[in-house]
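What the coordinates show
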Amino acid sequence: QVQLVESGGGLVQPGGSLRLSCTASGRIRRLDVMDWYRQVPGKQRELVAGIIGGGRTSYADSVKGRFTISRDNAKNTVYLQMNSLKPEDTAVYYCHAIVNYAAYFGQGTQVTVSS
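Quick summary incoming for the structure in this document. Residue positions within a chain follow its written sequence, with the count starting from 1. Only residues with pLDDT of at least 70 get local features here, since the model is predicted, and only at 80 or more are side-chain atom pairs given and counted; chain-wide, interface and lining totals rely on the full set of residues. To obtain the side-chain values, all non-hydrogen atoms of the structure were included, while hydrogens and water were left out.

Notes on the overall build of the protein
Put simply, the test is: The helix and strand labels rest on DSSP assignments: H or I over at least four residues marks a helix, E over at least two residues marks a strand, and numbering proceeds from the N terminus. Radius of gyration means the value over C-alpha atoms here, while the globule rule gives 2.2 Å times the residue count to the 0.38 power. Only protein chains enter the calculation, and the probe is 1.4 Å; a residue is then buried if its accessible area is under 20% of its type maximum, exposed if over 50%, and partly exposed in between. Here the open area of atoms and residues is found with the Shrake-Rupley method and a 1.4 Å probe, where only the protein chains shown may cover a residue.
A count of helical and extended segments in the protein gives zero helices and 11 strands. Along the chain direction, N to C, the helices and strands of the protein fall in the order β-β-β-β-β-β-β-β-β-β-β. Computed over C-alpha atoms, the radius of gyration of the protein comes to 14 Å, within 12% of the 13 Å expected from 2.2 N^0.38 for 115 residues, which places it in the range of a compact globule. C-alpha extents for the protein along the principal axes are approximately 45 × 25 × 20 Å. Looking at the protein as a whole, 40% of its 115 residues are labelled buried. As presented, the protein carries roughly 6200 Å² of accessible surface, and 47% of it is formed by carbon and sulfur atoms.

Remarks on unusual backbone geometry
The backbone phi angle of Ser84 is positive, close to 50°, even though this residue is not glycine. Take Ser84: it is sitting in the loop between strand E8 (77-82) and strand E9 (91-99). Taking the relative accessible area as the measure of exposure, Ser84 reaches 41% and is therefore partly exposed. If you check the backbone angles, Asn100 has positive phi at about 55° while not being a glycine. Considering the arrangement of structural elements, one finds Asn100 in the loop between E9 and strand E10 (102-105). A relative accessible area of 17% places Asn100 in the buried class.

Examining the environment of Lys86
The condition is simple: Contact definition: two residues touch when any of their heavy atoms are within 4.5 Å.
By secondary structure assignment, the location of Lys86 is in the loop between E8 and E9. Lys86 sits in the partly exposed class, given a relative accessible area of 35%. Along the sequence, Lys86 and Val63 sit 23 residues apart, while their C-alpha atoms lie 9.9 Å from each other. Setting aside residues up to four positions removed in sequence, Lys86 forms contacts with Arg66 and Val113.

As for the sheet that holds strand E3 (residues 18-26)
Under the convention used in this document: Note on pairing: two strands pair once DSSP finds at least 2 bridges between them. As a rule, the C-alpha atoms of each element are fitted with a line to give its axis, helices using only the stretch in contact, and angles between N-to-C directions run from 0 to 180 degrees.
Taken together, four strands build an open sheet; the order of strands is E1-E3-E8-E7 and the sheet is antiparallel. Single-partner strands in this sheet number two, and they are strand E1 (2-7) and strand E7 (67-72). When the angles between neighbouring strand axes are averaged without regard to direction, this sheet yields 15°.

Focus: the nonpolar core
Stated formally: Only buried residues count toward a nonpolar core. Its members are Ala, Val, Leu, Ile, Met, Phe, Trp, Tyr and Cys residues joined through side-chain atoms within 4.5 Å.
Trp36, Phe67, Val78, Leu80, Met82 and Tyr93 are the most contacted members of the largest nonpolar core, which has 28 residues in total. For this core, the elements supplying multiple residues, two or more each, are E1, E3, strand E4 (31-39), strand E5 (46-51), E7, E8, E9 and strand E11 (109-113).

Some thoughts on the state of the cysteines
Here is the rule: Sulfur atoms of two cysteines make up a disulfide when they are within 2.5 Å.
In this structure the tally under the stated criterion is one disulfide. Through a disulfide, Cys22 is tied to Cys95; the S-S separation comes to 2.1 Å. Because the torsion about its S-S bond is -80°, the bridge between Cys22 and Cys95 counts as left-handed. On the criterion of sequence distance, the pair formed by Cys22 in strand E3 and Cys95 in strand E9 is long-range, its members being 73 residues apart. For the residue pair Cys22 and Cys95, the accessibility class agrees, reading buried in each case.

With respect to the environment of Ser62
Note on placement: Ser62 falls in the loop between strand E6 (57-59) and E7. Classification of Ser62 by relative accessible area gives partly exposed; the value is 38%. Through-space distance from the C-alpha of Ser62 to that of Glu88 is 9.7 Å; in sequence the pair is 26 residues apart.

Following this line, the structure appears as structure tokens:
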């Protein structure tokens, strides 16, 4: 059984920063792409940022220049550094990973940007 556990969400003022973490655990033989998605009520879940094992990254246009995704392969952990946060970044953020050729999502962590 594989689990993804996120942490680091919370309430922050506009312009502030947060760092999300997600660690994969369980019977991991192969860990490929790790992504962050986000979802607000009534909307589809959207891809925010992704990173492959070799370190190549990709970002949604709405977060380019503000968010940075990174990973520690030794710890099976992916991070999302979020700077210059805006109210429209408010959402539940989900970690996603391809582990042993299967897709997994974490339980989600709430990020609220409000004054």
